[in-house]
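Here are the chains, one letter per residue:
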Amino acid sequence: MTGRRSFPEESAVGVGGFVREDTPTAEVDRREAVMASLTGTVRELIDATIRTTVDDDEVHRIRDGLAALVARLRTAQLPGPAGIRYNAELRSWNWGNAVMGAANAIAPPLRVQHDSSVCHADVVLGAAYEGPPGLVHGGVSAMLLDHIMGEAASAMRRTAFTGTLTMRYRRGTPLGPLHLEASIVREEGRKIFVAGSISDAGGATVEADGVFIQPVGTPAGGGR
Ligand SMILES: CCCCCCCCCCCCCC(=O)SCCNC(=O)CCNC(=O)[C@H](O)C(C)(C)COP(=O)(O)OP(=O)(O)OC[C@H]1O[C@@H](n2cnc3c(N)ncnc32)[C@H](O)[C@@H]1OP(=O)(O)O
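Computed from a predicted structure; not experimentally measured.

Focus: the UniProt feature "domain: Thioesterase" (unreviewed entry) in the protein chain
Phase 1 of the analysis: In the UniProt entry, the feature "domain: Thioesterase" (unreviewed entry) is given for residues 134-205.
Phase 2 of the analysis: With 24% helix and 49% strand, residues 134-205 has its two end C-alpha atoms placed 14 Å apart.

Okay, here's the thing in structure tokens:
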């Protein structure tokens, strides 16, 4: 997620992936744009790879060329996953996130808008997200809903982990343009109950209910 909120201490969450960095926001924004441009091309590469019909020799030449590029990227690497980083201005960035990470070509990416009571996102899913022929893989639908519902639960100001996610696949979700929504239904102490959906032009294809839980020791949230 990219945004401003309060953060747990690095040791407060078992995953240990919250990292405070002193990078100024302008530099984070600049580098994010640079990485997003690379990621967009890698995303193109994934789609082109799935759909290519070039001959075997050309596949081998392309593989060798890509291996050389991978080696160049490997010359300077983080020691592990990217985690969630944030600076003194509480500008956060998690470029490795599977759903919206700016440096993750697996991410569609989902760009979530936060309105007063609803989170929503428009996304176009291509060949890389196929399960049944022409349809979105059910696990991909669950992943996207998990994320947007988690963002709704966090309300841009607190940490909330998925406890339980219940999916109802009403009909196949076609690859192509889709709309996602999520909103908080009610809260009980640390438990946040959230509803979410994926829709195509004909209405909802998937609906979900989730219980998201604020881990002990994380801030209740003090603003953005
Ligand atoms: C600030 C930074 C923001 C970060 C970015 C936000 C990005 C958001 C976007 C990304 C979004 C992506 C999101 C992701 O992908 S999050 C990644 C997927 N989720 C996880 O990995 C979570 C793993 N599980 C845990 O960490 C713990 O089990 C949690 C934290 C969930 C609860 O462990 P905790 O020790 O705290 O629980 P407790 O035993 O004190 O129980 C407390 C209450 O909760 C009830 N309960 C317990 N478990 C469940 C359950 N599974 N379903 C339903 N209810 C459950 C329990 O009955 C009790 O209720 P009550 O008896 O009081 O009524």
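Here we look at the site of the ligand
Phase 1 of the analysis: Surveying the vicinity of the ligand reveals 22 residues, the closest of which are Gly150, Phe161, Thr162, Gly163 and Thr164.
Phase 2 of the analysis: Listing elements by their share of the shell around the ligand, those giving two or more residues are helix H3 (138-154), strand E7 (161-169) and strand E10 (203-213).
Phase 3 of the analysis: Here the shell around the ligand takes five residues from H3, the largest share from any one element.
Phase 4 of the analysis: Its residues assigned to classes, the shell around the ligand comprises eight nonpolar, eight polar and six charged.

Quick notes on the pairing of strand E6 (residues 119-125)
Phase 1 of the analysis: The alternating pattern of E6 places Cys119, Ala121, Val123 and Leu125 on a buried face and His120, Asp122 and Val124 on a face that is not buried.
Phase 2 of the analysis: Note: strand E5 (residues 113-114) against E6, two bridges, orientation antiparallel. In the sheet register, Gln113 faces E6, and the bridge partner there is His120.
Phase 3 of the analysis: Bridge analysis of E6 against strand E8 (residues 176-188) gives seven bridges, and the strand direction is antiparallel. By the bridge assignment, Asp122 is partnered in E8 with His179.

Description of helix H2 (residues 56-73)
Along an α-helix, residues three or four apart share an orientation, since each turn contains 3.6 residues.
Phase 1 of the analysis: Between its first and last C-alpha, H2 extends 26 Å over 18 residues, near the 26 Å set by a 1.5 Å rise per residue.
Phase 2 of the analysis: Sparse coverage of H2 is indicated by the burial of zero of its 18 residues.

Quick notes on the sheet that holds E6
Across a sheet, strands are paired by hydrogen bonds formed along the backbone, either parallel or antiparallel in direction.
Phase 1 of the analysis: Ordered by their spatial adjacency, six strands build an open sheet running E5-E6-E8-E9-E10-E7, and the pairing between neighbours is antiparallel. Pairing within the sheet leaves two strands with one partner each, and these edge strands are E5 and E7.
Phase 2 of the analysis: Note: E7 against E10, eight bridges, orientation antiparallel. When the sheet's bridge partners are listed, Phe161 is paired in E10 with Ile213.
Phase 3 of the analysis: Packing against the sheet, H3 makes contact with E6, E7, E8, strand E9 (191-200) and E10, and its axis sits at approximately 130° to E9.

Quick word on H3
Phase 1 of the analysis: Between its first and last C-alpha, H3 extends 24 Å over 17 residues, near the 24 Å set by a 1.5 Å rise per residue.
Phase 2 of the analysis: The element H3 is extensively covered by neighbouring structure, given that twelve of its 17 residues are classed as buried.
Phase 3 of the analysis: Phi turns positive one or two residues past the end of H3, at Ala155, with a value near 50°.

Thoughts on the nonpolar core
Phase 1 of the analysis: Core analysis: the largest hydrophobic core is formed by 27 residues, its most contacted members being Leu145, Ile148, Met149 and Leu180.
Phase 2 of the analysis: Broken down by secondary-structure element, the contributors of at least two residues to this core are E6, H3, E8, E9 and E10.
Phase 3 of the analysis: With six residues, the single largest contributor to this core is H3.
Phase 4 of the analysis: When residues of this core are assigned to domains, at least three fall in each of domain 1 (1-109) and domain 2 (111-224).
Phase 5 of the analysis: Those residues in contact with Ile148 that sit more than four places away from it in its chain are Leu110, Val112, Cys119, Ala121, Leu180, Ala182 and Gly196.

The rules behind these values
- Residues numbered from 1 in each chain as written.
- Predicted model: local features only at pLDDT ≥ 70, side-chain atom pairs only at ≥ 80, totals over all residues.
- UniProt positions renumbered as here; feature names shortened; annotations may be inferred.
- Helix = DSSP H or I, 4+ residues; strand = E, 2+ residues; numbered from the N terminus.
- Near = placed C-beta within 6 Å.
- Nonpolar A, V, L, I, M, F, W, Y, C, P; charged D, E, K, R; others polar.
- Buried ≥ 20, exposed ≤ 12 C-beta atoms within 10 Å, placed from the backbone.
- Pairing = 2+ DSSP bridges.
- Expected span 1.5 Å × (residues − 1).
- Contact = placed C-beta atoms within 7 Å.
- Axes fitted to C-alpha atoms, helices over the stretch in contact; angles between N-to-C directions.
- Core = buried A, V, L, I, M, F, W, Y, C linked by C-beta atoms within 7 Å.
- Domains from an automatic or database assignment.

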